[in-house]
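Examination of the molecular architecture
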Amino acid sequence: MGATSLPARAKIVIIGGGVGGTSVAYHLAQMGERDVVLLDRNELTSGSTFHSAGLVGQLRADPTLTKMNMHSVELYRALELTSTPPGWKETGSIKLASSPERMQEIRRQIGWARTFGLDLHEISPAEAQQMFPLIDLDGVVGACYMASDGEVDPSQLSHAMAAGARQHGMKIVTNTRVVEILMSHGRVTGVVTDKGDIECEVVVNCGGMYAPSIGRLVGVRIPIVPMSHQYVITENFLDPTAPRLPSLRDPDNLVYYRQEVAGLLMGGYERNSKPWTASHAHVDDIPADFNSRLLDEDWERFEEIAVNSQRRVPIMGKLGVKNFINGPEGFTPDNEFCLGETEVGGFYVAAGFCAHGIAGAGGIGKVVAEWVIAGEPQMDLWHMDIRRFGAAYKSPSFTMKRVQENYESYYDIHYPGEERQRARPLKTSPVYLWHRDAGAVFGEKAGWERVNYYQSHATDNSLQPYGWAGKYWSSAIATEHRATRESAGLFDESSFAKFSVTGVRAGEFLNIVCANNVVKGDGRAVYTQALNSRGGIECDFTVTQTGENSFFIVTGTAFGTHDLGWLKKQRRELGYVEVLLEDVTGAYACFGLWGPKAREILSGITPCDVSGKAFPFMHSREITIGDIPVRATRITYVGELGWEFYVSSEYGAALWQVLLQAGEPYQLMTCGYKAIDSLRLEKGYRAWGGEINSETTPWEAGLGFAVALGKEQFIGRGALADSRGKEEKRLVALLFDDIRRVPLGNEPIRIGGEIVGRVKSGGQGFTIGKAIGYGYLPIQHSEPATAVEVEFFGEWASGVVAQEPLFDPTGSKFRA
Ligand SMILES: Cc1cc2nc3c(=O)[nH]c(=O)nc-3n(C[C@H](O)[C@H](O)[C@H](O)COP(=O)(O)OP(=O)(O)OC[C@H]3O[C@@H](n4cnc5c(N)ncnc54)[C@H](O)[C@@H]3O)c2cc1C
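Residues numbered from 1 in each chain as written. Predicted model: local features only at pLDDT ≥ 70, side-chain atom pairs only at ≥ 80, totals over all residues. Heavy atoms only, no water.

**Description of the overall build of the chain**
- A tally of helices and strands in the chain yields 18 helices and 38 strands.
- A compact globule built from 816 residues would reach a C-alpha radius of gyration of about 28 Å, and the chain, at 27 Å, matches this within 12%.
- Counting only C-alpha atoms and orienting by the principal axes, one finds that the chain spans roughly 85 × 60 × 55 Å.
- Here the chain, with 816 residues, has 62% of them falling under the buried criterion. (Helix = DSSP H or I, 4+ residues; strand = E, 2+ residues; numbered from the N terminus. Rg over C-alpha atoms; globule rule 2.2 N^0.38 Å. Buried < 20%, exposed > 50% of the residue type's maximum accessible area, 1.4 Å probe, protein only.)

What follows is the structure in structure tokens.
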């Protein structure tokens, strides 16, 4: 029952009373926030929540998400002991492998589950059948079991969390629709509802599949598409007095099952997905009266699942169906949640739960409540951060293609290095056609087509990594790596995100946002991080001063929206309104020329003196190359002498040709991003989202050299100054003698039989002839020469902590 009176003012307004909104409210209350109102246009749980299947699985591919789901289980267990129990049943869960590849995936998951202290372990097919006697074992290769997974009643859960919030004085007002959101100076200031207005500082959009239409009220695009999602409930046939069955997933057959009363609930992910589109203008418009309602049964589309379900649980073919549920649910383009503060100050979103919102709700509520209170996330939430979606997601059709591709491959094994196929090509460099004709194998990042490697450079497969790491591998990567180290490589990096920062206070602003001193005079380039208040790394980029009051920032392809969003937020909150921040990514192509021959190649095509003395490392100049005006910056991400050339896009194709021709006598080789990754891992250059993120400080990551503690003020300075010399963990490089034994990330690391960390990233060092991994280890285990073991698909392999950098320790190559 909702309170009826609407306050005129509240600090925080939550829109949406599903499992998401009630969890955010509950956690805000737990964290001491009292001045909060939750509004729902209908009754609580009347969106997607009421028709959910209620399965709660914890282990996910993303470590943060796994921790969040573990919090959910803890919370549901605790709520079960209150006067409003959510119906939590810790039934355990079984996952079957109906293919050898799935068994490999399971063994890999068991490895990383161990790093979380999760109780996932392998069981035999016979053991699986003992726990779930209805299974036919034909084709079952193996299985795993997690005792602490379970199921919960989604509506009862929402009501339990709502009750917890109300106990702390929060108002929950139902049948109240938000029709307008008020803003001033880029921040929300209130909401207008059909029952009256509320002035507020923060709005949290917990609208589920309705979230895009709520986002439109402030001009924010939220790329969520309501998709039809189905399951059936059979007639009762089980002995209700027997112990409850664990839940069962058979992803190779696209199905899951759990006990429902004395019957079975069975659903899955169809290969022929169906967006539920309400209008042609928006793929995500939902009728004003769509609450507590379901979609029509779509038996035709469900047939594949129904047939598969009988293969694994034959009795399904004989049981009558008591209930067929076709309910819409909001899906994102990558099957990850959509969380965090948007480009509008104080306007947060926590939606798009992609059919794992019940499992995620506890964790979602916690991290979003923390984010709202602190103004910045308290964990590495990059994979769920709304700022991962670039401008292309403003297009409904692009969003739709990506959502459908992900939905339809939900239960597939996603091998590292797998590329998306739909909605390509979208963003291309001026030399895209040249690459294509030269046999480039493209990867896709943030909508950009990028060269992974050129097929013509492939030789033999003697270095192909074992197992999954070798799946999308090519010997061309090694060829391109070596060419860069031995002669020179030419890389098309046009997809780099680029910003221009201008204005009389631009330098002052950047020096407050960045940990390094980035104001060193016209023509100087500086590598820096932007930190959060805890000293964690929010952004990792280079800042080049291009004039007294103008700066050029270059960051990773996928981080444009995130990093620009971070800068704009700081500009708004610190009051630097007159500083102009512009995304100029598409305006410039970028080519990297690196290797011992880079100077000789460049000096033949430019009148500019490019000697070490005249053009030192980390300097940037406007020069000409052939007939073309270019900004050349002496910088490296591969550890070799060289330059990045930034050129107005219309000159891009011409510049590429000039560089190619000049490089011919020097065996210049065109190279792709896979070679960059191998080269940078060998040199120890960090990648945000890989080895570093908002949870790691520059001290822990070995980036203290890029911190100017001498500056009086910058965001995160206090936390950094306090934590200096007190790190508890440190990023280390691990080496494996067998170059084919390549870690992928998330593998457990153990020392003396005890798990002490997990791998963050891995690759091959073709110059040093070893496989490389990076990971954080407790400080007492981080000394070079420490012997470690890493688990690869159930087998432990020996490695060693190595002294960094692994290649060219004095930097003599790139400083030449
Ligand atoms: C068939 C099916 C099976 C599923 N099975 C599982 C499962 O086994 N395990 C699992 O973890 N997840 C499962 N899910 C997913 C889970 O149910 C959802 O992720 C979750 O319920 C979404 O919750 P929500 O709070 O984000 O959205 P909703 O529950 O949709 O809540 C959004 C609320 O916002 C309100 N609202 C919208 N616009 C306004 C406005 N303008 N003003 C005020 N209020 C507004 C709506 O009325 C609605 O109540 C399943 C989903 C489906 C469809």
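Picking up where we left off.
**Observations regarding the state of the cysteines**
- Applying the stated criterion across every chain, the model contains zero disulfides.
- In this model Cys206 remains outside any disulfide bridge; the closest cysteine sulfur is found in Cys338, 11 Å from its own.
- With no disulfide partner, Cys514 has as its closest neighbouring cysteine sulfur the one in Cys539, 8.2 Å distant. (Disulfide = S-S within 2.5 Å.)

**Focus on helix α11 (residues 475-486)**
- The terminal C-alpha atoms of α11, which comprises twelve residues, lie 17 Å apart, in line with the 16 Å expected from a rise of 1.5 Å per residue.
- Within α11, ten of the twelve residues are buried, leaving the element largely enclosed by the surrounding structure.
- Every buried residue of α11 is listed here: Ser475, Ala476, Ile477, Ala478, Thr479, Glu480, His481, Ala483, Thr484 and Arg485.
- Looking at the buried side of α11, the elements it contacts are β21 (448-454), β22 (488-492), β28 (588-594), β32 (668-671) and α16 (673-683). (Expected span 1.5 Å × (residues − 1). Contact = heavy atoms within 4.5 Å.)

**A word on the sheet that holds strand β37 (residues 787-792)**
- Ordered by their spatial adjacency, six strands build a closed barrel running β33-β36-β35-β34-β37-β38, and the pairing between neighbours is antiparallel. Averaged over all pairs of adjacent strands, the angle between their axes in this sheet comes to 40°, without regard to strand direction.
- Along the sheet, α16 contacts β35 (754-765) and β36 (770-778); its crossing angle with β35, the most-contacted strand, is approximately 125°. (Pairing = 2+ DSSP bridges. Axes fitted to C-alpha atoms, helices over the stretch in contact; angles between N-to-C directions.)

**So, the side chain of Thr49**
- Along the chain, Thr49 turns up in the loop between β2 (36-39) and β3 (55-56).
- For Thr49, the residues in contact, after removing those within four places along its chain, are Gly18, Val19, Pro154, Ser155, Ser158 and Ile358.

**A word on the site of the ligand**
- Looking at the ligand, there are 38 residues lining it, with Asp40, Ser48, Thr49, Glu329 and Ala359 nearest.
- Here a nitrogen atom of the ligand sits 3.0 Å away from a polar atom, N or O, in the main chain of Ala53.
- The backbone of Val178 places a nitrogen or oxygen atom 3.0 Å from a nitrogen atom of the ligand.
- In the complex, the protein chains occlude 98% of the 1,000 Å² of accessible area that the ligand would expose alone. (Near = heavy atom within 4 Å. Polar contact = N/O pair within 3.5 Å; in protein donor to acceptor, adjacent residues only side chain to side chain. Areas by Shrake-Rupley, 256 points an atom, 1.4 Å probe, with all protein chains shown as cover.)

**Let's talk about empty space enclosed by the protein**
- Summed over the entire model, instances satisfying the criterion amount to three cavities of 30 Å³ or more.
- Reported here for the largest cavity is a volume of approximately 60 Å³.
- As for the largest cavity, its lining consists of Ser429, His435, Trp448, Glu449, Arg450, Val451, Asp492, Glu493, Ser494, Ser495 and Tyr673.
- Sorting elements by how many residues they give to the lining of the largest cavity places β21 first, with four residues. (1 Å grid on protein atoms, 1.4 Å probe; cavity = no way out; pocket = protein on both sides within 12 Å on 5 of 7 lines; lining within 4 Å. Points joined across faces, edges and corners; volume = space filled by probe spheres on them.)

**Observations concerning the nonpolar core**
- Core analysis: the biggest nonpolar cluster contains 44 residues, and Ile94, Phe132 and Tyr257 have the highest contact counts within it.
- Breaking this core down by element, the ones donating at least two residues are β4 (93-97), β6 (142-146), β13 (225-234), β15 (255-260), β16 (263-268), α7 (299-312), β17 (321-331) and α9 (396-408).
- At five residues, the largest contribution of residues to this core is made by β13.
- Excluding residues within four positions of it along the chain, Tyr257 makes contact with Phe132, Ser247, Leu248, Leu264, Leu265, Met266, Asn308, Ser309, Arg312, Val313 and Met316. (Core = buried A, V, L, I, M, F, W, Y, C linked by side-chain atoms within 4.5 Å.)

**Quick word on the packing of aromatic side chains**
- Scanning all chains against the criterion turns up 32 aromatic pairs.
- Taking the centre distance of 5.6 Å and the plane angle of 65° together, the rings of Tyr410 and Tyr411 count as edge-to-face.
- Taking the relative accessible area as the measure of exposure, Tyr410 reaches 18% and is therefore buried.
- Judged by its relative accessible area of 10%, Tyr411 is buried.
- Relative to Trp688, the ring of Phe559 lies with its centre 5.2 Å away and its plane at 80°, an arrangement referred to as edge-to-face. Of the two residues, Phe559 sits in the loop between β26 (550-555) and α13 (560-574) while Trp688 sits in the loop between α16 and α17 (698-701), which places them 129 residues apart along the sequence.
- One aromatic cluster is present, built from ring pairs that chain together Tyr269, Phe331, Tyr407, Tyr410 and Tyr411.
- Across from the ring centre of Phe807, 3.7 Å away, lies the NZ or CZ of Arg485, which sits over that ring.
- A cation over an aromatic ring shows up here: Arg621 above the ring of Phe615, its NZ or CZ 4.9 Å from the ring centre. (Phe/Tyr/Trp six-rings, centres within 6.5 Å; stacked < 30°, edge-to-face > 60°. Lys NZ or Arg CZ within 6 Å of the ring centre and 35° of its normal.)

**Section: the sheet that holds β26**
- Spatial ordering of the open sheet is given by β24-β25-β26-β23-β27, a layout of five strands whose pairing is antiparallel. The two strands at the open ends of the sheet, each matched to only one other strand, are β24 (525-531) and β27 (580-583). The average angle at which neighbouring strand axes cross in this sheet is 30°, direction not considered.
- Inspection of the sheet shows strand β25 (residues 537-547) paired to β26 by five bridges, in the antiparallel sense. If you follow Val543 over to β26, its bridge partner there is Ile553.
- Running at roughly 80° to β25, α13 makes contact with β23 (497-502), β24, β25, β26 and β27 of the sheet.

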